[in-house]
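Below, each chain spelled out in residue letters.
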Amino acid sequence: MSSVAHAEGHDHKPEGFLNRWLFTTNHKDIGTLYLVFSLTMFIIGGAMAMVIRAELFMPGMQLVDPAFFNQMTTMHALIMVFGAVMPAFVGLANWMIPMMIGAPDMALPRMNNWSFWILPFAFTMLLSTLFMDGGAPAAGWTLYPPLVLQGGNSFAFAIFAVHLLGISSIMGAINIIATILNLRAPGMNLLNMPLFVWTWLITAFLLIAVMPVLAGGVTMLLTDKFFGTSFFNAAGGGDPVMYQHIFWFFGHPEVYIMILPAFGVVSEILPTFSRKPLFGYTSMVYASASIAFLSFIVWSHHMFTVGMPLGGELFFMYATMVIAVPTGVKIFNWVATMWKGAMTFETPMLFAIGFVIMFTIGGFSGLMLAIAPADFQYHDTYFVVAHFHYVLVTGAVFAIMAGVYYWLPKWTGHMYDERLGKIHFWWSTIAVNVLFFPQHFLGLAGMPRRIPDYSLQFAEFNMISSIGGFAFGLAQIFFVYIVWKTVKGGQPAEARAWEGAKGLEWTVPSPAPHHTFETPPEIKPDMIAHPSNAH
Amino acid sequence: MKALKFTGALGAMLVSTGAWAEYKLNMTPGVTEFSHIAYGLHMRILWICVVIGVLVFGAMIYSMIAHRKSKGVEPARFSHSTTAEIIWTIIPILILLFMAYPATKGLIAMEAPHDKPDLIVKVTGFQWRWRYDYLNEDVGFISSLDQESNRVRQLKSGENPGQVKDYLLNVDHPLVLPVGKQVKFLLTADDVIHSWWVPALGWKRDAIPGFVNEAWTKIEKPGIYRGQCAELCGRDHGFMPIVIKAVTPEEFEAWVAEQKKSAMAGQEIQPIADQS
C-alpha cells in the first residue's frame with residue numbers, strides 16, 4: 001500500500017522542504033510535525049496563561065478588560081487541550097508505535113499526512129477569531145449556551161475549527177487502531193505490546209466514540225445561533241442543560257484521552273530506569289481498559305449543581321469513586337516497579353516520578369470532588385482549577401516531557417544535556433507547585449474560577465500563584481532551548497540509548513533511519529518491552 | 001532581574017496588606033446543617049487522602065533512597081504478585097465504602113423532602129445582578145455590586161482595592177433572612193446560566209433560564225454571609241456578589257413590615273439598619 005508513497009527511494013529522505021514536510025507520508029516526519037506544532041501551541045496557550053496570571057497578580061483590574069480576560073481563559077483551554085496535549089501524544093504515537101510493534105510505517109500514511117495538516121489551518125482559524133468583530137469565544141472551553149450564543153459571528157469560525165479538530169482526531173485514531181491491529185510484526189502479540197501502544201489503542205477507541213458527540217453538540221450550537229433552531233434555548237422549548245450532558249459525555253472521556261497515553265509513557269520509562277520489569281503488566285492493561293469504560297458513565301459529576309435528582313447524583317458519585325480503584329492499581333504497580341530496582345535518576349525518570357507523585361495529588365482532589373455533597377462547595381472554584389491542572393500539567397504535560405527526554409536520543413541521534421534537563425525538571429517542578437498548590441486554598445476559601453478580579457482575602461495566594469506561573473512559563477522557554485540544542489548536536493546516542501531500555505525501538509540505530517522495519521523483525525524474547533507477561 | 005522585580009513587588013504587597021482581610025486555607029464550616037455536612041465530608045476525605053498519600057509517597061521515597069544503582073544494588077526480577085494486586089484492589093474498595101456511606105447519608109439529608117418552608121425566596125440571576133422576591137410577602141428587590149467596589153474595579157481605575165471595605169463582596173441591598181427558619185429558594189435566570197453560592201450555606205445551585213431549581217437552608221446564627229456567582233455568565237461574572245444578612249425572626253418581621261410600608265409609599269427599599 002505504501003509502495004507508491006515511498007517510490008522515490010528507501011533510505012534517503014525526500015528532496016526539498018515541501019516534499020519532505022508538506023507532502024510527507026513518513027510516520028517519523030509526521031510525528032515531528034505533530035510535536036513541533038504541539039510545542040508551538042504550548043507556547044501560545046502558555047502566553048495566554050501568562051496574561052491571565054498577570055491580571056490576577058493583584059486585586060483590581062490593571063491590564064485587560066474582563067471580556068478579553070474571558071476570551072483568554074477560553075482560548076487558553078481550547079489551545080492547550082486540542083493544540084498542545086492531544087497533538088503531542090499523537091506525535092509520540094506516530095514516532096513510536098510503528099517502531100514499537102515492528103511496523104514499517106502507519107497503516108494509512110496519506111491520511112496521516114492529512115490529519116496533521118488540518119491542524120495548522122484549524123488553529124489559524126480559531127486564533128483569528130481573536131482579531132474579529134466580537135472576539136474569540138468567551139464562555140469557557142465548555143462553550144455553555146446560552147452564554148456562548150451571545151458572542152459575535154466569529155463564533156462560526158470557532159465551531160468550524162472544532163469540527164476540523166474532530167476530523168483530524170478521528171482520522172488519527174483510525175490510523176492508530178489500523179496500525180496496531182494490522183501491522184504488528186509476527187510474534188508481537190497484543191499482550192506483548194509495550195504499554196504505551198496499549199494505552200494508545202484504548203485512547204483511539206475513546207476518540208472515535210466521543211469526538212462525533214462533540215461535533216454534534218457544537219453543530220446544534222451553530223444552528224441555534226445562525227439558523228433559528230432552539231435546541232438549547234428554553235424560550236423556544238429547548239434545554240440548556242442538555243448541552244451540558246452532551247458536552248460532558250464527550251468531555252469526560254476526553255480527560256482520559258489526555259491521560260491514558262501519559263500512563264503509557266510513564267509505564268515505559270519507570271522500568272527502564274529501575275532496571276526491573278514493569279510490575280503487573282496485565283493488570284495495567286485491564287486497569288486502562290476499565291478506566292476507559294468508566295469514563296463513559298461519570299459525565300454528570302461535572303454537573304452536580306444543575307439540580308439533578310437524588311438517584312442521578314448518587315449514581316454519578318459512586319461511578320466516579322469507582323475510578324479510584326483501577327487508577328490506584330496503576331499507581332501501586334508503578335511504585336512496585338520501582339521497588340527493589342536499581343534506580344538512576346536521569347531527566348526522563350525524574351519527570352516520570354514527578355508525574356506519579358503529582359498526578360496522585362490530582363487524583364486525591366479528584367476523589368474529593370467526586371463526593372457530591374462536598375462538590376456543592378468545590379464546584380466551579382479554584383479547587384477545581386487546581387485539580388485539573390495537577391492532572392493535566394503535572395500529569396499529561398510532565399509525561400509528555402518525560403517521553404520527549406526519553407526518546408529524544410532516538411529521534412535526533414544526540415543525547416540531550418543531562419545537566420540542563422535536570423535543571424529544567426527541578427525548575428518546572430518547584431514552579432508548578434508554587435503555581436497550582438495555593439489554588440487549592442483559594443478554592444476552599446471561596447474563590448470562584450473564571451473571575452478577572454477578586455476580593456482581598458484571596459490576594460496573597462493569587463500573587464504567589466502568579467509568581468509560580470511566570471517561573472513555570474520561563475522554564476518552558478528553557479525547555480525549547482534544550483530541545484533545540486539537542487537537535488543541533490550533542491553526544492552521539494547509541495541504539496539502546498538507556499542502559500535498562502527494552503523494546504523494539506531500541507534495536508534500530510539512533511537516530512532512527514527514515515525507514516525502519518521495512519521487513520518485519522523477528523521478535524526475540526529480549527526484544528519485548530515488558531517480557532514479564534510471557535507466561 | 002525578573003525575579004528581583006517580583007520579589008520587590010511581593011514585598012511591597014505584603015507590607016501594604018496589613019489592612020487586608022485575612023486569607024483562609026480551608027473550607028468554611030458554615031452556619032447551616034448542610035454546610036456542616038459538606039465540611040465534615042471534606043475533612044474526612046482530606047485526611048484519608050493525606051494518610052494514603054503519606055503511605056504511597058513514603059514507599060516511593062524510601063525506594064528512591066534505598067534502591068538506587070549508585071548504592072550497588074542488584075535489581076530484583078519480580079514482575080507481578082497476584083496476592084499484592086488483590087490486596088491493593090480490595091483495600092481501596094473498602095476505603096471507598098468507608099467514604100461512600102457518610103457521603104450517601106449527607107446527600108440524602110440535603111436532597112430529602114423538607115418540612116413546610118417558613119419562607120420562600122425566588123432568586124433570579126441576570127447579567128449581572130440578582131433579584132430577590134419574597135414570594136408570600138410581596139417584597140422584592142434587585143441586589144447589585146456596591147458603588148464603591150464598582151468604581152474601583154473599573155479597568156485602570158488607579159484606586160487601591162485595599163481601601164474598599166469588602167471589595168467585590170458587598171452589595172447595595174443584601175438578602176435579609178431570618179435565622180432558625182426553614183427557607184426555600186427557587187432559583188432561575190433571565191438570560192444565561194448563573195450559579196448562586198454562599199459558602200456559609202454549604203451549597204451552590206445553578207440558576208438556569210427556563211428552569212426553576214430548588215434549594216433549602218436554615219441558618220443557625222445571625223451574621224453577614226457573603227458569596228458570589230459561581231457560573232461564568234459573561235463580562236461581569238466576577239462582579240455579581242451575594243450578601244445575606246441573617247437576623248432574628250423578630251427583626252426580620254420588622255424589616256418586612258418596613259419594606260411593605262415603604263413600597264406602599266413608593267419609596268426605594270431600605271436595607272435593615274446595621275445592628276452590630
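Residues numbered from 1 in each chain as written. Chains lettered and ligands numbered in written order. Predicted model: local features only at pLDDT ≥ 70, side-chain atom pairs only at ≥ 80, totals over all residues.

Q: Help me out: how do you make sense of the pairing of strand 9 (residues 223-229) of chain B in this one?
A: Within a regular strand, the side chains alternate between the two sheet faces. Residue and element names in this part refer to chain B. Among the seven residues in strand 9, five count as buried, and that is most of the element. In this structure, strand 6 (residues 194-198) lies alongside strand 9, joined through two bridges in antiparallel fashion. Each residue of the ladder has a partner; that of Trp196, found in strand 9, is Cys229. Both strand 9 and strand 10 (residues 241-247) contribute to a ladder of six bridges, which runs antiparallel. (Buried ≥ 20, exposed ≤ 12 C-beta atoms within 10 Å, placed from the backbone. Helix = DSSP H or I, 4+ residues; strand = E, 2+ residues; numbered from the N terminus. Pairing = 2+ DSSP bridges.)

Q: Even after reading the chapter, I still don't get the environment of A:Ile361, so can you show me in this structure?
A: All names here are of chain A. Secondary-structure assignment places Ile361 in helix 11 (residues 347-370). On the neighbour-count criterion, Ile361 (22 C-beta atoms within 10 Å) is buried. The spacing of Ile361 and Ser428 is 67 residues in sequence and 16 Å in space, taken between C-alpha atoms.

Q: Quick question: what am I supposed to make of the domain arrangement of chain B here?
A: By convention, interface size is frequently given as the accessible area that disappears when the constituent parts associate. Residues and elements named next belong to chain B. Looking at chain B, the domain boundaries give domain 1 (33-66 + 84-111) and domain 2 (119-264). Summarising the inter-unit geometry, the C-alpha centres of domain 1 and domain 2 are found 35 Å apart. The partner domain 2 presents six residues to the five residues of domain 1 that form the contact. When grouped by side-chain class, the residues that make up the side of domain 1 that touches domain 2 number three nonpolar, one polar and one charged. (Domains from an automatic or database assignment. Contact = placed C-beta atoms within 7 Å. Nonpolar A, V, L, I, M, F, W, Y, C, P; charged D, E, K, R; others polar.)

Q: For this particular structure, what's the right way to read the environment of B:Val164?
A: Residue and element names in this part refer to chain B. With respect to the helices and strands, Val164 occurs in the loop between helix 4 (147-152) and strand 4 (175-178). With 22 C-beta atoms counted inside 10 Å, the residue Val164 sits in the buried group. For Val164 and Ser149, which are 15 residues apart along the polypeptide, the C-alpha to C-alpha distance reads 6.5 Å. Those residues in contact with Val164 that sit more than four places away from it in its chain are Glu148, Ser149 and Val152.

Q: Got a minute to help me understand the sheet that holds strand 3 (residues 139-143) of chain B in this structure?
A: In any sheet, the strands associate via hydrogen bonds between backbone groups, in a parallel or an antiparallel arrangement. All names here are of chain B. Read from one edge to the other, the open sheet built from five strands follows the order 3-2-1-5-8, with strand pairing classed as mixed. What marks the edges here is a single partner per strand, and that holds for strand 3 and strand 8 (213-217). Adjacent strand axes in the sheet meet at a mean angle of 20 degrees, parallel and antiparallel pairs treated alike. Sheet topology places strand 1 (residues 119-126) next to strand 5 (residues 183-189); seven bridges connect them, and they run parallel. Bridge pairing links Gly125 to Ala189 in strand 5. (Axes fitted to C-alpha atoms, helices over the stretch in contact; angles between N-to-C directions.)

Q: What should I look at first to understand the sheet that holds strand 7 (residues 203-207) of chain B in this one?
A: All names here are of chain B. One open sheet holds the five strands; their spatial order is 4-10-9-6-7, and the pairing between them is mixed. Here the strands that pair on one side only, and so sit at the sheet edges, are strand 4 and strand 7. In this sheet, neighbouring strand axes are inclined to one another by 25 degrees on average, regardless of whether the strands run parallel or antiparallel. Sheet strands touched by helix 5 (residues 249-264): strand 4 and strand 10. Its angle to strand 4, the strand with the most contacts, is close to 135 degrees.

Q: Looking at this structure, how should I read the interface of chain B and chain A?
A: Taken together, the contact between chain B and chain A spans 87 residues of the former and 83 residues of the latter. Of the residues that constitute the side of chain B that touches chain A, the class distribution is 49 nonpolar, 21 polar and 17 charged.

Q: Would you mind showing me how to read the packing of helix 7 (residues 240-274) of chain A against helix 13 (residues 382-412) of chain A here?
A: Residue and element names in this part refer to chain A. The N-to-C vectors of helix 7 and helix 13 enclose an angle of 45 degrees; their axes lie 9 Å apart at closest approach. What the angle tells us is that helix 7 and helix 13 run oblique. Considering only the axes of helix 7 and helix 13, their crossing is left-handed. Contact with helix 7, carried on its side by Met258, Ile259, Ala262, Val265, Val266 and Ile269, involves Val391, Leu392, Gly395, Ala396, Ala399, Ala402, Gly403 and Tyr406 of helix 13 and no other residues of that element. (Parallel < 35°, antiparallel > 145°, perpendicular 65-115°, else oblique. Left-handed = near helix turned anticlockwise from the far one by under 90°.)

Q: When you look at the nonpolar core in this model, what are you seeing that I'm missing?
A: The tendency in soluble globular proteins is for nonpolar side chains to be buried side by side. Ranked by internal contacts, the top residues of the largest apolar core, which has 258 residues, are A:Val85, A:Val197, A:Val266, A:Ala352, A:Phe355, A:Ile371 and A:Ala402. The residue makeup of this core includes at least three contributed by each of domain 1 (33-66 + 84-111) and domain 2 (119-264) of chain B. Those residues within four positions of A:Ile371 in sequence are excluded, and the remaining contacts are A:Met317, B:Leu41, B:Ile45, B:Met99 and B:Ala103. A:Ala493, A:Ala497, A:Ala501 and A:Trp506 belong to the second-largest nonpolar core, a separate cluster that totals five residues. (Core = buried A, V, L, I, M, F, W, Y, C linked by C-beta atoms within 7 Å.)

Q: Even after reading the chapter, I still don't get helix 11 of chain A, so can you show me in this structure?
A: The periodicity of an α-helix, 3.6 residues per turn, causes residues three or four places apart in sequence to face the same way. Taking 1.5 Å of rise per residue, 24 residues should cover 34 Å, and helix 11 of chain A covers 34 Å from first to last C-alpha, within 8% of that figure. Summarising burial for helix 11 of chain A: 23 of the 24 residues are buried, a large majority. (Expected span 1.5 Å × (residues − 1).)

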